[in-house]
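Structural overview for review
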Amino acid sequence: MSYESFYQRSVDDPDGFWAEQARRIDWQTPFDRTLDYRNPPFARWFCGGTTNLCHNALDRWLTSQPDALALIAVSAETGEERTFTFRQLHTEVNRTAAMLQSLGVGRGDRVLVYMPMIAEAHITLLACARIGAIHSVVFGGFASHSLAARIDDARPVLIVSADAGSRGGKVIPYKKLLDDAIALSHNPPPQVLLVDRGLADMPRVAGRDQDYATLREQHLEARVPVCWLESGEISCILYTSGTTGKPKGVQRDVGGYGVALATTMATIFGGKAGGVFFCTSDIGWVVGHSYIVYAPLLAGMATVVFEGTPTWPDCSQWWRIVEKYRVSRMFSAPTAIRVLKKFPTAQIRNHDLSSLEALYLAGEPLDEPTARWVTETLGIPVVDNYWQTESGWPIMALARALDDRPTRPGSPGMPVFGYNVQLVNEHTGELCGPDEKGMVVIEGPLPPGCIQTIWGDDARFVSTYWSLFERPVYATFDWGIRDQDGYYFILGRTDDVINVSGHRLGTREIEESISGYANVAEVAVVGVKDTLKGQVAVAFVIPKQGDSLLLADVAQQEEQAIQHRVDDNLGHFGRPARVYFVSRLPKTRSGKMLRRALQAVCEGRDPGDLTTIEDPEALREIQRVLGGPTARAG
Ligand code: AMP
């Protein structure tokens, strides 16, 4: 079958298409209705069917390949390396499931996971899935304020964490950050389960903090039956940034998520049972959440959990793993490749990479020089794919197992099966023609595995994503363009969300953190192009007291203090690359910040239509400040 007909069937006859794909996973009770879309935009997939993600990831493989590798956990930081076969991983997950139950965790309860990339993190997620608990992973790069906001929203009955992680040789004190977050939280969790890696001091709170290893000893023989869940029950919540300071809890189901991931493994990622899949992302970002934790195991492949960076202590970290474990498919982000590009290729080529068949890159636009460099260096196909936390799996890609159309530099390809993608005019909602820039939207229903709703806030789900145009379509908030042959190109966000090294951040969150600094009267943060990281945050601050900032060294101290504050509140991805002090900010007469103009000026572009600007001098001042060698007071 050609890809075109495969795709067409998925949008013309979603019921028939997905009923077939659903055979890729085990169901305990068959579903009686493939799709219920009687209450748009809320789509329910595989109604009445019961299944379990942990069963499909592990138990299912116990008869056919119990001794095949399932999990490879490598820390380039501590030198630790552990492997688990499907049988061994199953045993560990049963133990952890029993531990969670002994702490009172049950079906529908939330478990927040704030952990470094270690085997226990993966095991905990599978254990949650086994007993029907809802897991919510919070990325370890987030600091206490961001974590507290997520704790308050998810209201977990348990948080699972560790003493520390490590990145580039630097210890990250998870437990300390967690304690700070719990102190800030309005809904502190009753219990915390802690893995002690011996990397940092870990004072315990009596009665609240439990020790993972001690509890595990008590459940060595545990066997916990799988909890069969109705397909539409909630498997997980994964927070993502929006344009308000409040993060959005992207809620996903059980059956739809399993079917979607299994289908992508067979069609896009070409996963074969017994192979090894190495996704270098983090379980706290959607790419890792889907393609480290679940998708490889659903396809019977081993998955790699890697702690570290690709360049510390040297550039051989990833490639050593590829060579040693015969990795066949790798998944990463363009930023990581841009970092590697700065080093001699010998550190990559010195390894036997003959097992590697393809590299997938997602999370941000893949620029042509990076794509060319990595294709030449590795000598394998590189597949750009476009998606979002909300989708959970690619919206655009070339589904290599079915599609042999050539790649086009800078393009993530064509819409993936299940997604009725369109480009529409930002103002009118009318369809764009070829080579005409518009917003990427998706006609409902969203396919299986996508966002069901925003956790606890159906109204926000509808108003955020489905109410931009007269016709209810899902808005991605990405600009796109389609060429004459149907290849799409993503041209950046339409909203105030920025993408730093493939990490999505709301400028609002960064502004809120900066506003709390004593000498800040007003602040605007925009994302500015960066050759390495894709984008970086840049802040413009109106100080309460500007006079002293006329002194360059005082301005520099204030800039650093603000950068540290963001580090502490949100984590280092949000840290503004520069903080400029100004006397006014460019706004419309109705008081709306002219962010696009601000961003354009920072990138040396034409600021566009300024007829609505209240005070044209504001933009001129910003131009002057940007031209200066150091930040100055206005
Ligand atoms: P996140 O939800 O953190 O995964 O970020 C999703 C956003 O990253 C999208 O809305 C896009 O702006 C951007 N993005 C993801 N993948 C790609 C890609 N392949 N090309 C261009 N932009 C991408």
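Residues numbered from 1 in each chain as written. Predicted model: local features only at pLDDT ≥ 70, side-chain atom pairs only at ≥ 80, totals over all residues. Heavy atoms only, no water.

Under an unreviewed UniProt entry, the protein chain has the name Propionate--CoA ligase and belongs to Shimwellia blattae. The record in UniProt for the protein chain states the following under Sequence similarities (unreviewed entry): "Belongs to the ATP-dependent AMP-binding enzyme family." (UniProt positions renumbered as here; feature names shortened; annotations may be inferred.)

1. Let's talk about the overall build of the protein chain
The secondary structure content of the protein chain amounts to 19 helices and 32 strands. Here the C-alpha atoms of the protein chain give a radius of gyration of 24 Å, agreeing with the 26 Å that 2.2 N^0.38 yields for 634 residues. Principal-axis analysis of the C-alpha atoms places the extent of the protein chain at approximately 70 × 60 × 55 Å. For the protein chain, buried positions account for 62% of its 634 residues. Between the centroid of the 63 positive side chains of the protein chain and the centroid of its 75 negative side chains there is a distance of 1 Å. (Helix = DSSP H or I, 4+ residues; strand = E, 2+ residues; numbered from the N terminus. Rg over C-alpha atoms; globule rule 2.2 N^0.38 Å. Buried < 20%, exposed > 50% of the residue type's maximum accessible area, 1.4 Å probe, protein only. Lys, Arg positive; Asp, Glu negative; His and termini not counted. Charge placed at Lys NZ, Arg CZ, Asp CG, Glu CD.)

2. What about the side chain of Glu77?
Here Glu77 is to be found in the loop between strand E4 (69-75) and strand E5 (81-85). Notably, Glu77 is buried but unbridged: the nearest opposite-charge side chain belongs to Arg167, and the N-O separation is 7.0 Å. Within the local environment of Glu77, its side chain forms a polar contact with the backbone nitrogen of Gly169, the two atoms lying 2.8 Å apart. For Glu77, the contacting residues outside a window of four places in its chain are Ser166, Arg167, Gly168, Gly169, Lys170, Glu307, Gly308, Thr309 and Trp312. (Salt bridge = Lys/Arg side-chain N within 4 Å of Asp/Glu carboxyl O. Polar contact = N/O pair within 3.5 Å; in protein donor to acceptor, adjacent residues only side chain to side chain. Contact = heavy atoms within 4.5 Å.)

3. Structural notes on the sheet that holds strand E23 (residues 420-424)
Here we have four strands laid out as an open sheet, ordered E23-E24-E26-E27, and antiparallel in their pairing. The sheet terminates laterally at E23 and strand E27 (488-493), the two strands that pair on one side only. Recorded for the sheet is a direction-independent mean angle of 45° between the axes of neighbouring strands. Here strand E26 (residues 473-482) runs beside E27; their pairing, made up of four bridges, is antiparallel. Paired with Asp478 across the strands is Arg493, a residue of E27. (Pairing = 2+ DSSP bridges. Axes fitted to C-alpha atoms, helices over the stretch in contact; angles between N-to-C directions.)

4. Side note on the environment of Pro365
Position of Pro365 among the secondary structure elements: in the loop between strand E19 (358-362) and helix H14 (368-378). The spatial distance from the C-alpha of Pro365 to the C-alpha of Leu220 is 46 Å, given a sequence separation of 145 residues. Leaving out residues up to four positions away in the same chain, Pro365 has contacts with Pro334 and Arg338.

5. Description of the sheet that holds E5
Read across the open sheet, the seven strands follow the order E5-E4-E17-E16-E18-E19-E20; overall the sheet is mixed. Across the chains shown, the open sheet's two edge strands, defined by having one partner strand only, are E5 and strand E20 (382-385). Going from strand to strand, the sheet's axes swing by 20° on average, the running direction of each strand aside.

6. Some remarks on the site of the ligand
Of all residues adjacent to the ligand, which total 15 residues, the nearest are Asn385, Thr389, Asp478, Arg493 and Arg504. Within the side chain of Arg504, one N or O atom sits 2.7 Å away from an oxygen atom of the ligand. Relative to its free-state accessible area of 500 Å², the ligand is covered by the protein chains to the extent of 95%. At the level of elements, E20 and E27 are the ones that each hand at least two residues to the shell around the ligand. When the residues that make up the shell around the ligand are grouped by side-chain class, the tally is five nonpolar, five polar and five charged. (Near = heavy atom within 4 Å. Areas by Shrake-Rupley, 256 points an atom, 1.4 Å probe, with all protein chains shown as cover. Nonpolar A, V, L, I, M, F, W, Y, C, P; charged D, E, K, R; others polar.)

7. Looking at the confidence of the model for the protein chain
When pLDDT is averaged along the protein chain, the result is 93; 98% of the residues meet or exceed 70. Predicted confidence is poor over residues 629-634, with pLDDT under 50, and the contacts of this stretch with residues over four places away or in other chains come to 21 contacts. (pLDDT = per-residue confidence, 0-100.)

8. Structural notes on the pattern of salt bridges
Evaluated as defined, the whole model comprises 50 salt bridges. The partner of Arg326 in a salt bridge is Asp352, and the shortest N-O contact between them spans 3.4 Å. Residue Arg326 is located in the loop between helix H11 (317-325) and strand E18 (329-332), and its partner Asp352 is located in the loop between helix H13 (346-349) and E19; the two are separated by 26 residues in the primary sequence. Residue Arg326 is classed as partly exposed on the basis of its relative accessible area, which comes to 41%. Taken together, the salt bridges that share partners define one network made up of Asp496, Arg508, Glu511, Glu512 and Arg595.

9. Description of the packing of aromatic side chains
All told, the structure shown has 40 aromatic pairs when counted by the stated rule. Their ring planes at 35° and their centres at 6.4 Å tell us that Phe277 and Tyr291 sit as a pair that is tilted. Placement of the pair is Phe277 in strand E16 (residues 276-279) and Tyr291 in helix H10 (residues 286-298), with a sequence separation of 14 residues. One aromatic cluster is present, formed by Tyr3, Phe6, Tyr7, Phe17, Trp18, Trp27, Phe31, Trp45, Phe46, Trp393, Phe417 and Tyr419 through successive ring pairs. Over the face of the ring belonging to Phe142 we find Arg150, whose NZ or CZ atom lies 4.3 Å from the ring centre. Here the basic side chain of Lys437 rests over the ring of Trp479, its NZ or CZ set 4.6 Å away from the ring centre. (Phe/Tyr/Trp six-rings, centres within 6.5 Å; stacked < 30°, edge-to-face > 60°. Lys NZ or Arg CZ within 6 Å of the ring centre and 35° of its normal.)

10. Thoughts on the environment of Asp352
Using a relative accessible area of 36% as the deciding quantity, one classes Asp352 as partly exposed. When sequence neighbours within four positions are dropped, the list of residues in contact with Asp352 reads Glu323 and Arg326. A polar contact is formed between the side chain of Asp352 and the side chain of Ser354, at a distance of 2.6 Å.

11. A closer look at the pairing of strand E32 (residues 578-581)
Judged from the four bridges that link them, strand E31 (residues 534-543) and E32 form a sheet pairing that is parallel. Counted as the bridge partner of Val541 is Phe581 from E32. Note that the unit made of E31, helix H17 (residues 552-570) and E32 has a crossover that is right-handed. (Right-handed = clockwise from strand over helix to strand, strands pointing away.)

12. Some points on the packing of helix H4 (residues 86-102) against helix H5 (residues 119-131)
Between H4 and H5, whose axes approach to 8 Å, the crossing angle comes to 65°. Classed by the angle they form, the pair H4 and H5 counts as roughly perpendicular. By crossing handedness, the relation of H4 to H5 is classed as right-handed. Across the interface between the two elements, Leu89, His90, Glu92, Val93, Asn94, Thr96, Ala97, Leu100 and Gln101 of H4 pack against Ile123, Thr124, Leu126, Ala127, Cys128, Arg130 and Ile131 of H5. (Parallel < 35°, antiparallel > 145°, perpendicular 65-115°, else oblique. Left-handed = near helix turned anticlockwise from the far one by under 90°.)

13. Observations regarding the packing of helix H16 (residues 507-515) against H17
Running from N to C, H16 and H17 point in directions that differ by 120°, and their axes come no closer than 9 Å. On the basis of their axis angle, the class for H16 and H17 is oblique. The way H16 lies across H17 gives a crossing that is right-handed. Judged by residue contacts, Glu509, Ile510, Ser513 and Ile514 of H16 engage Ile562, Arg565, Val566, Asn569 and Leu570 from H17.

14. Regarding unusual backbone geometry
The omega angle of the peptide bond from Pro40 to Pro41 is 5°, so this bond is cis rather than trans. Secondary-structure assignment places Pro41 in the loop between strand E1 (33-39) and strand E2 (42-47). The omega torsion of the bond from Trp312 to Pro313 falls at -5°, within 30 degrees of zero and hence cis. Locating Pro313 in the fold gives a position in the loop between strand E17 (302-307) and H11. With a phi angle near 60°, Phe46 is a residue other than glycine that sits in the positive phi range.

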